[in-house]
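Spelled out from the first residue to the last, the chains are:
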Amino acid sequence: MKAWELQDWGLANLKQVERPRPGPNELLVRVQAASLNYRDKAVVEGKYLPDKLPRPLIPVSDAAGRVEEVGPGVTRFQEGDRVTSHLYSHWLDGEPGPSEVDYCFGGPLPGGLAEYMIIHEDSAVAAPASLTDAEAATLPIAALTAWFALVDLGKLEAGQSVLVQGTGGVSIFAVQLASALGARVIATSSSDEKLARARALGAADGINYVKNPEWQAVARELTTGVGVDHVLDVVGGESLNRSIQAARVGGHVAVIGFLGGQTSSIDLLPLLIRQTRIRGVAVGHRKSFETMNRFIEEKGVKPVINSTYAFSDAVEAFNHLSRGAFGKVVIDVSA
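Analysis parameters
- Residues numbered from 1 in each chain as written.
- Predicted model: local features only at pLDDT ≥ 70, side-chain atom pairs only at ≥ 80, totals over all residues.
- Heavy atoms only, no water.
- Helix = DSSP H or I, 4+ residues; strand = E, 2+ residues; numbered from the N terminus.
- Rg over C-alpha atoms; globule rule 2.2 N^0.38 Å.
- Buried < 20%, exposed > 50% of the residue type's maximum accessible area, 1.4 Å probe, protein only.
- Contact = heavy atoms within 4.5 Å.
- Areas by Shrake-Rupley, 256 points an atom, 1.4 Å probe, with all protein chains shown as cover.
- Polar contact = N/O pair within 3.5 Å; in protein donor to acceptor, adjacent residues only side chain to side chain.
- Core = buried A, V, L, I, M, F, W, Y, C linked by side-chain atoms within 4.5 Å.
- Axes fitted to C-alpha atoms, helices over the stretch in contact; angles between N-to-C directions.
- Parallel < 35°, antiparallel > 145°, perpendicular 65-115°, else oblique.
- Nonpolar A, V, L, I, M, F, W, Y, C, P; charged D, E, K, R; others polar.
- Pairing = 2+ DSSP bridges.
- Phe/Tyr/Trp six-rings, centres within 6.5 Å; stacked < 30°, edge-to-face > 60°.
- Lys NZ or Arg CZ within 6 Å of the ring centre and 35° of its normal.
- Salt bridge = Lys/Arg side-chain N within 4 Å of Asp/Glu carboxyl O.

Caption draft 1: Broad picture of the overall build of the protein. Helix and strand counts for the protein stand at 10 helices and 15 strands. The C-alpha radius of gyration of the protein comes to 20 Å, within 12% of the 20 Å expected for a compact globule of 335 residues. The buried share of the protein, taken over its 335 residues, is 53%. Across the protein, contacts joining residues at least 24 apart in sequence account for 69% of those joining residues at least 6 apart. Approximately 13,600 Å² of the protein is accessible, and the part contributed by carbon and sulfur atoms is 50%.

Quick look at the structure:
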């Protein structure tokens, strides 16, 4: 089979190679599409746990395809079923275990940037029938992260307010899912045009953080001075202090990403006075994934795909991700 193999850190070291076909006792999945996340970019660049990841490595965590062969004892799926990968392949339900990071697709386990993928039946999730393979490939990290942060951890209720940062994959899914759950969504972006597109997807309000550097104050104004119930912080770094200030007293801040840096100096007094609940979010478990998929089918949620690239153009897809995308960047492996 053909695969893209990361032979050393850096996009220049991503090469096409031939890999041997797998044996029995697992699902052999013919990959149809894969989608890119910031995690994949960080893995390729050697910025994400480089000491824990092997080289060579097949990158990219999120993939969707069809089961081409099942091994002995498989009961959850059969040949022809459409499935997706699940990043934390051993995390099925409940609290995360101490070593979930050791069983992630796309590093350290081989990922989905390949014609075929080996997935244990417990690590696969049935793809929603209402979605194409390309759309289903966007779900494992971006959609589940937004859902898990809002629903499982945040206990989001209809009528509550949610602030999302930017218009990348997680943020756009948060706009769609929170709106479908009956929440009021406030989106932030450096682009008025992207804010207009976010409103079309369900956001009630938009804040241009270039025109309004003190965006946390604007968020409080939009909530009559109270602050928002839930903040999804995908930026990290020093942005975390603004997220705390944007949240209401006793509000929930889900720390999801590190676009602005992997370290932050937190001003403790506002945190203490406002009694903010801060929770790190690293995607979610399989049970939540399956619950989210049922909701997506019920509500007719359609993932937003910014651009689709051919399998041979994987490097260009990564470059697009680096430039920024409204929604998701997808690689059509079947082509």
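Caption draft 2: A look at the side chain of Ser-89. Within the secondary structure layout, Ser-89 lies in the loop between β5 (82-84) and β6 (116-119). Within the local environment of Ser-89, its side chain forms a polar contact with the backbone oxygen of Tyr-103, the two atoms lying 2.6 Å apart. With residues near it in sequence (within four places) discarded, Ser-89 still touches Tyr-103, Phe-105, Leu-109, Asp-122 and Ser-123.

Caption draft 3: Representation of the nonpolar core in the model. In this structure, Leu-113 and Met-292 are the most contacted members of the largest nonpolar core, which totals 81 residues. Here this core gets 11 residues from one element, more than from any other, and that element is helix α3 (residues 139-153). In this structure Leu-113 touches Ala-3, Trp-4, Leu-14, Ile-58, Pro-59, Val-60, Phe-311, Ala-314, Phe-318 and Ile-331, once residues within four positions along its chain are discounted.

Caption draft 4: Here's a closer look at unusual backbone geometry. In this chain, Arg-55 is followed by Pro-56 through a cis amide linkage whose omega measures 5 degrees. Of the consecutive residues Gly-107 and Pro-108, the connecting peptide bond is found in the cis state with omega at 10 degrees. Phi angles above zero are rare outside glycine, and Thr-224 is one such case at about 50 degrees. Along the chain, Thr-224 falls in the loop between α6 (215-222) and β11 (228-233). Taking the relative accessible area as the measure of exposure, Thr-224 reaches 72% and is therefore exposed.

Caption draft 5: Expanded view of the packing of α3 against helix α9 (residues 286-299). Where α3 contacts α9, the axes come no closer than 10 Å and their chain directions differ by 95 degrees. The angle between the axes of α3 and α9 places the two elements in the roughly perpendicular class. Facing α3, whose interface residues are Leu-139, Pro-140, Ala-143, Leu-144, Trp-147, Phe-148 and Asp-152, α9 presents Ser-288, Phe-289, Thr-291, Met-292, Asn-293, Phe-295 and Ile-296. Of the residues in the contact of α3 with α9, the class split is 10 nonpolar, three polar and one charged.

Caption draft 6: Up close: helix α5 (residues 192-200). Where α5 begins, the capping side chain belongs to Ser-191, and its oxygen is found 3.2 Å from the backbone nitrogen of Glu-193. Backbone geometry just after α5 places Gly-202 at a positive phi near 130 degrees.

Caption draft 7: A look at the sheet that holds β11. The strand order β10-β9-β8-β11-β12-β13 describes an open sheet built from six strands, whose pairing is parallel. Strand pairing shows two members of the sheet lacking a second neighbour, β10 (205-208) and β13 (277-280), which therefore form its edges. The average angle at which neighbouring strand axes cross in this sheet is 20 degrees, direction not considered. As defined by bridge partners, strand β12 (residues 247-255) adjoins β13 across four bridges and the pair is classed as parallel. If you follow Ala-254 over to β13, its bridge partner there is Arg-279. Against the sheet, helix α7 (residues 239-246) touches β8 (161-165), β11, β12 and β13, its axis set at about 145 degrees to β12.

Caption draft 8: Region of the structure containing the packing of aromatic side chains. Applying the stated criterion across every chain yields a total of four aromatic pairs. Arranged with centres 6.0 Å apart and planes meeting at 80 degrees, the rings of Tyr-88 and Trp-91 form a pair that is edge-to-face. Each member of the pair, Tyr-88 as well as Trp-91, carries the same accessibility label: buried. Plain terms: the ring middles of Trp-91 and Phe-148 are 5.5 Å apart, the flat faces sit at 75 degrees to each other, and that makes the pair edge-to-face. Of this pair, Trp-91 sits in the loop between β5 and β6 while Phe-148 sits in helix α3; the two residues are 57 residues apart in sequence, bridging distant segments of the chain. Both residues of the pair, Trp-91 and Phe-148, count as buried. Among the aromatic residues, those joined into a ring-pair cluster are Tyr-88, Trp-91 and Phe-148. The lysine or arginine in question, Arg-30, covers the ring of Tyr-116, its NZ or CZ lying 5.4 Å from the ring centre.

Caption draft 9: Molecular detail of the environment of Val-281. Considering the arrangement of structural elements, one finds Val-281 in the loop between β13 and α9. Residue classification places Val-281 among the buried positions, given a relative accessible area of 8%. Along the backbone, Val-281 and Ala-64 are 217 residues apart, and their C-alpha atoms lie at a distance of 23 Å.

Caption draft 10: Fine view of the pattern of salt bridges. The final tally for this structure, using the stated rule, is 13 salt bridges. One salt bridge connects Asp-192 with Lys-211, and the closest N-O pair in it is separated by 2.4 Å. Taken together, the positions of Asp-192 in helix α5 and Lys-211 in the loop between β10 and α6 put the pair 19 residues apart, joining distant regions of the chain. Taking relative accessible area as the criterion, Asp-192 reaches 40% and is therefore assigned partly exposed.

Caption draft 11: Inspection of the environment of Pro-96 at higher detail. Within the element layout of this structure, Pro-96 appears in the loop between β5 and β6. Along the sequence, Pro-96 and Gly-284 sit 188 residues apart, while their C-alpha atoms lie 8.4 Å from each other.

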